[in-house]
Every structure is written in structure tokens, then in C-alpha cells.
Amino acid sequence: MSKLELKAINKSFGSSHIVNNLDLQIMDGEFLTILGPSGCGKTTTLRMIAGFEMPDSGKVLLNNQDITHLPPYKRNVNTVFQNYALFPHLNVEENIAFGLHQLKMSKSDINRRVDEMLELVQMETFKTRKPFEMSGGQQQRVAIARAIAPDPEILLLDEPLGALDLKLRKQMQFELKQLHKDLNKTFVYVTHDQEEALTMSDRIAVMNQGIIEQLSDSQTLYNHPKTKFVAGFIGEANLIPVKTEDKSSFTFEDKTFDFNHEISSATAVLFIRPENVSFDSVTNISLAVTIEDVIFVGNHRKYKLVTASGQKIIKTEDSSVPLTKIIGQSVTIYLLPNLIQIYNS
Amino acid sequence: MKKVRLFIVSFSAFSVLWFLYFPILIIIWFSFNKESVSSFPIEHYSLDWYVKLFHNKSMMQAVRISFFIAISSTIAALIIGIPSAYALHKYNYFGKIILLPITLPGIVTGVAMLSFFPMLGIPLSLTAVLIGHTTFLIAIMITQILARFKKLDPYLEMAAFDLGASPLQAFFKVILPNIKTAIIGAVLLSLVLSMDEIPVTFFLISRENTLPIEIYGMMRRGITPEVNAVATLVFLVSSTAIFMSLKFNKEN
């Protein structure tokens, strides 16, 4: 059952079209991430779900109810903001209780719920602290507790880890994932950080220039990106221009390989992940290259390869594999057809 | 070298402060002089002038009127100023025109009101003074409170809406508590400014005098040490209020 549905949403600010005829269905209980570069319309989309922005056209449905024009305070949807937005004049307990007071809950119920929330985010000892007396990570936990306390239908998270340092961010990623599991609630998460998206989400919607380029789970997104943009945005990718004269082959540097694809134009772009470029003759799609450089990057090493025509290709390999190649050596690389994608250029 | 520079800076700073405040110190000193002639050396100290002041009926009346005008014009400015500042913060229309009453010389405002109020049927009176004070205090309120609004995190209001607060509830539960200190600061500043306002008051007053006008009147009849006593008290009240207003504005 879909919890939330966006139907043909359009939103412009002045002359710039931020969200373009967007459709999105979010399932009950799923952790959905909207991922994209800044300015792609992801935050605007989230704000239209929260009610801070109204779409120019289209519909927002929550549990099949039209909430498109409801103000934010009439929607049972809560947000965790990037800068926390904790109320500076209230302490932790009062911040968490804010939404509960709005629901006109009894004092004892509020107290019980606040304690429950503090336990959930492991902040029991901070009950009487003011926001400015806490670190960024602690404030973020309180912000999450405050948003969850009124038991919203959907929890919206607007780059909630953006302001934290790397180590804390990684830790919070796991905690959020755990929280999602424990609460069994629908999370809609907005980020520009692909690693964050891949780690936490059930499904990821990759957004670019106001449209969703691909909506799928992390693995599919990584291994089978549907568009050139997604291929380039998620992880590292080799994007190699090729000729495509017919739909059953492609040509690269005068060598033609059998490969079925959907491209009807004469030129296209071949995609392959650096880790899927192989030195072993596992396939008949092979290219002669020269090793330009070998870089050691901790758990893997990176080969900078160049073809006769000057096309650069990156290959990565586990550092546990013994290094047998040297810089300047000519080698042959093989590309597995099932890990290749061809896109319109 | 650094020490020398520090010395020069602090020396000039203290000289300026001394130049500004020395006359006030002298007045405070003379207010305790028993003699009616303000000259050194002071032979006998007394509180005679303060006692005399408190028995001066027209002076006490002027103090009461000044307090009345200051408090009511501040309240009026507050009631108009807070929503105006909020609206300006949200929708930034008229731009800077709201600052005009502060930048215009009081004489211009005074003369303008002098000729305009009778057209509206408002006679020269304390009511006219009250309206006059309110107009420039509104400008003070708006600038002080607007400055705080600008510093306020816009996400706070969004968070309040998000958690179910209506715009009105968000204003009273989240915005107001966070601009409270700016409001207190602006109120204190307004009280002080109204208490010693002369030019606008001068044009709009009828028979009942405010304190500064009363003192001005006394001066024309010749300085008596009573003026020193009044000045000392006014200085005390004003500086306390200003000090507190600065303190509140510094917070957050």
C-alpha cells in the first residue's frame, strides 16, 4: 500500500522550474531517500510533502487523502531539519513536548512519551539541558526525538547529518537505520551524499533538474544505473564514448563488439564500474591499454589506464591481490557484457 | 611599541569620555551643595535641593506627565511596532522609509505635526504629544525588533508549524520568547527617549509641561541648584535604563 503519493507535481520559483511533473509513490514503512545534487529539487519536494511549499499543480496524497493544500500544522508529518531548529528558549524535555502539547495530550501522557523518546535516542541525562549547551550530534538526536514524539505518519529528514563530522555521521547513519527498523515508520530522507543514501535506504530516488531519473534499491542503482546522470552521480564510473551503428553492436577504436542495446543514434556512451574492468580474459570484449599510473588507496588500488586514442579508463582492484603490473606496461582489459550499460550521449 | 599604542588609544578614549561626562559629574556634585550659588569650594553638603524639589508642585506634576507620556507612548509603539516589524521581516515592503522619523530632525517632525494635527481636529495637548512621541518610538521599536527578527533562525517558525502550531501559536510560543530581550531593550530605550524628548514635545504641548520642558522653563528664570538635583535624578534613571537596554540587546 502506498503511504504517500506525489502526482504530477510541478513547482517553479520565478522563471526556474524546480520540480517537473514529478510522480512518486512511497510505500508504508519504507526508508526512501531522495538523492541528488544541490538545486535538483529534492528539498523543494520534501517541503511540499511537509506543507512548507504548495505545488503549482499536481497532488499530494497521504493515505489516499488529498493533503496538497493543507498547511504544515494540519499534516501529520514531521520534519528533522538540517540545522536542527531546536527552540533555543526551551530545554530538551520542553522541545520534545512541544508537538505533544499541540495534540492536547494530558500531562502524564506527555511526560511518559518524552521519557520514551529520550530513551529511544539515548539522551535521558540531557532532559533539562538547553540546546546551546549541547554538541551538534546531541542536538540532532533531540531534533529526531522531537519529530518522532507526536507519532507522525511520515518522518521527513532534510539532510539531517549534513552538519556533523564524518565519524559522527557514519555512526548516526547506523542509528537512523536502526531507528527506522524499531519504529516501523515511513522515512523520507533527502541528501546529496550518495554513500549515505546507499547505506540507509530501502529505495533511492535519484533526482536531477526536477525529475526522478531512477527509482530503485541501492544495488540496482549501483549496478544498473538507468541513465548517464545516475551512472556518473553514484559511485565512480567509466563513461566511454562509443559508436553505435546498429542495435546489436558497438564500436570502440575501430573494434566492433557484439552487444544488444536500445540506442538508435550513431554515438553513445558506454558505462562500466572501475571494479568491473578486469585483467583476466573473461569475455571477448577487450581493449588494449597502457598503464599510466598505479595509486594505492588503502583497501584497493587504482589503475589509470589510457587507450591508443587517448581515452582514459580507471580500474580498481583489491589491494590484497599481488601487484604484478608496472607503470608504462601495455595490457589488455576485459569488460563483462552484463556489467556494461550503454546510454545516449 | 604595543604598550605605547595601547596607552595612546586608552588615553584618547578616556579623554573623550571625560569630556562627555565631566559636566554631568559636576552637576551631580553641585546638587549636594547647600549654597544656592554653584561655585567651588563647596563648604556644606546637604540634600536640601532634593527636598525642595520634591515639594515643587509643578515639577512633580511635570514628572508625572512625563512618566505618563513615556509609558503610554511606549505601549502604543509596542502594540504597533511588533506586528509591523514582523510584517516587514516577512515581506520587506516599504524598505527603509520606516526609519524616516528617526533620521528627520525633531524640529521638522514637530512643525509638521503642529500644522497637521489641527486639521485632524487634534488640539495642542498631551494627546498630541502622545501621538507625536508614539510616531518616532514606533521607528525605534521596529528597527530594534526587526534587527532581532533578522538574526532569528527562520527554521524555528517552520519547526513550530511542523509540530502542529498555527501561525498565531507559533508567534506566541516560539517567536515572541526568542525576541523577548530585544523587546525589553527597545521598551527601555523608548522610555528614556520619550522622557527627555524636547523638539517634538515643544511644538505640540499646551499648558501642561513634560519634565524636560519644565526644566527648560526653569533655566530661563535662572539656574537654581534644584535643576542640578533634577538632572542628577534624570541621569540616574536614564543611565540605568540605557544600561539595562544594552544588556538585554546583547543577549542571544
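Residues numbered from 1 in each chain as written. Chains lettered and ligands numbered in written order. Predicted model: local features only at pLDDT ≥ 70, side-chain atom pairs only at ≥ 80, totals over all residues.

### Structural notes on the overall build of chain A
At step 1: Counting its regular elements, chain A contains eight helices and 20 strands.
At step 2: Along the first, second and third principal axes, the C-alpha atoms of chain A reach 75 × 45 × 35 Å.
At step 3: Every one of the 345 residues in chain A was classed for burial, and the buried ones make up 37%.
At step 4: Here the analysis covers contacts within chain A between residues at least 6 apart in sequence; of these, 64% occur between residues at least 24 apart. (Helix = DSSP H or I, 4+ residues; strand = E, 2+ residues; numbered from the N terminus. Buried ≥ 20, exposed ≤ 12 C-beta atoms within 10 Å, placed from the backbone. Contact = placed C-beta atoms within 7 Å.)

### Comments concerning the environment of B:A139
Residues and elements named next belong to chain B.
At step 1: Relative to the helices and strands, A139 is located in helix α6 (residues 126-151).
At step 2: For A139, a count of 19 C-beta atoms within 10 Å puts it in the partly exposed group.
At step 3: Separated by 54 residues in sequence, A139 and A85 have C-alpha atoms that sit 9.5 Å apart.

### Some points on the pairing of strand β2 (residues 16-27) of chain A
Within a regular beta strand, the side chains point alternately toward one face of the sheet and then the other, so they alternate between its two faces.
All names here are of chain A.
At step 1: In terms of strand pairing, strand β1 (residues 2-13) meets β2 through eight bridges, oriented antiparallel. Across the sheet, residue K11 finds its bridge partner in β2, namely V19.
At step 2: Between β1 and β2, which pair antiparallel in sequence order, lie two residues; one of them, G14, sits at a positive phi of approximately 60°. (Pairing = 2+ DSSP bridges.)

### Section: the pairing of strand β9 (residues 203-208) of chain A
Residues and elements named next belong to chain A.
At step 1: Taken together, the four bridges between strand β3 (residues 31-35) and β9 define a ladder with parallel strand orientation. Opposite L35, over in β9, you have V206 as the bridge partner.
At step 2: Across five bridges, the pairing between β9 and strand β10 (residues 211-216) is antiparallel. By the bridge assignment, V206 is partnered in β10 with Q214.

### Structural notes on the interface of chain B and chain A
At step 1: Every contact between the two is made by 14 residues of chain B and, on the other side, 18 residues of chain A.
At step 2: When residues of the side of chain B that touches chain A are traced back to their parent elements, those giving at least two are α7 (154-162) and α8 (167-195) of chain B.
At step 3: Here the residues of the side of chain B that touches chain A sort into nine nonpolar, three polar and two charged. (Nonpolar A, V, L, I, M, F, W, Y, C, P; charged D, E, K, R; others polar.)

### Side note on the domain arrangement of chain A
All names here are of chain A.
At step 1: Along its sequence, chain A is organised into domain 1 (2-228) and domain 2 (237-344).
At step 2: Facing four residues of domain 1, the contacting portion of domain 2 comprises five residues.
At step 3: Among the residues forming the side of domain 1 that touches domain 2, the class breakdown is one nonpolar, two polar and one charged. (Domains from an automatic or database assignment.)

### Quick notes on the packing of α7(B) against α8(B)
Residue and element names in this part refer to chain B.
At step 1: With their axes 9 Å apart at the nearest point, α7 and α8 run at an angle of 155° to one another. Comparing the axis directions of α7 and α8 gives the class roughly antiparallel. You can see that α7 and α8 cross each other, and the crossing is right-handed. Side by side, α7 and α8 meet where L156, E157, A160 and F161 of the first sit next to A170, K173, V174, I175 and N178 of the second.
At step 2: Tallied by class, residues from the contact of α7 with α8 come to six nonpolar, one polar and two charged. (Axes fitted to C-alpha atoms, helices over the stretch in contact; angles between N-to-C directions. Parallel < 35°, antiparallel > 145°, perpendicular 65-115°, else oblique. Left-handed = near helix turned anticlockwise from the far one by under 90°.)

### Things to note about the sheet that holds β10(A)
All names here are of chain A.
At step 1: The six strands lie next to each other as β6-β7-β8-β3-β9-β10, forming an open sheet whose pairing is mixed. Because the sheet does not close on itself, it has two edges, and the strands there are β6 (77-80) and β10. Between one strand axis and the next, the sheet turns by 20° as a mean value, whatever way the strands run.
At step 2: In this sheet, strand β7 (residues 154-158) lies alongside β6 in parallel orientation, the contact comprising four bridges. By the bridge assignment, N78 is partnered in β7 with L155.

### Some remarks on the sheet that holds strand β15 (residues 277-278) of chain A
All names here are of chain A.
At step 1: Within the open sheet, the five strands sit side by side as β15-β19-β16-β17-β18. Their pairing is antiparallel. The two strands at the open ends of the sheet, each matched to only one other strand, are β15 and β18 (312-318).
At step 2: Of the strand pairs in this sheet, strand β16 (residues 286-297) and strand β17 (residues 300-307) are connected by eight bridges, and their pairing is antiparallel. Across the sheet, residue I295 finds its bridge partner in β17, namely K302.

### Here we look at the packing of helix α2 (residues 92-102) of chain A against helix α4 (residues 136-148) of chain A
Residues and elements named next belong to chain A.
At step 1: Between α2 and α4, the shortest axis-to-axis distance is 7 Å and the interhelical angle comes to 30°. When the interaxial angle is binned, α2 and α4 end up roughly parallel. Crossing of α2 against α4: the hand is right-handed. Packed against α2, whose contacting residues are V92, N95, I96, F98 and G99, the element α4 presents V142, A145 and R146 at the interface.

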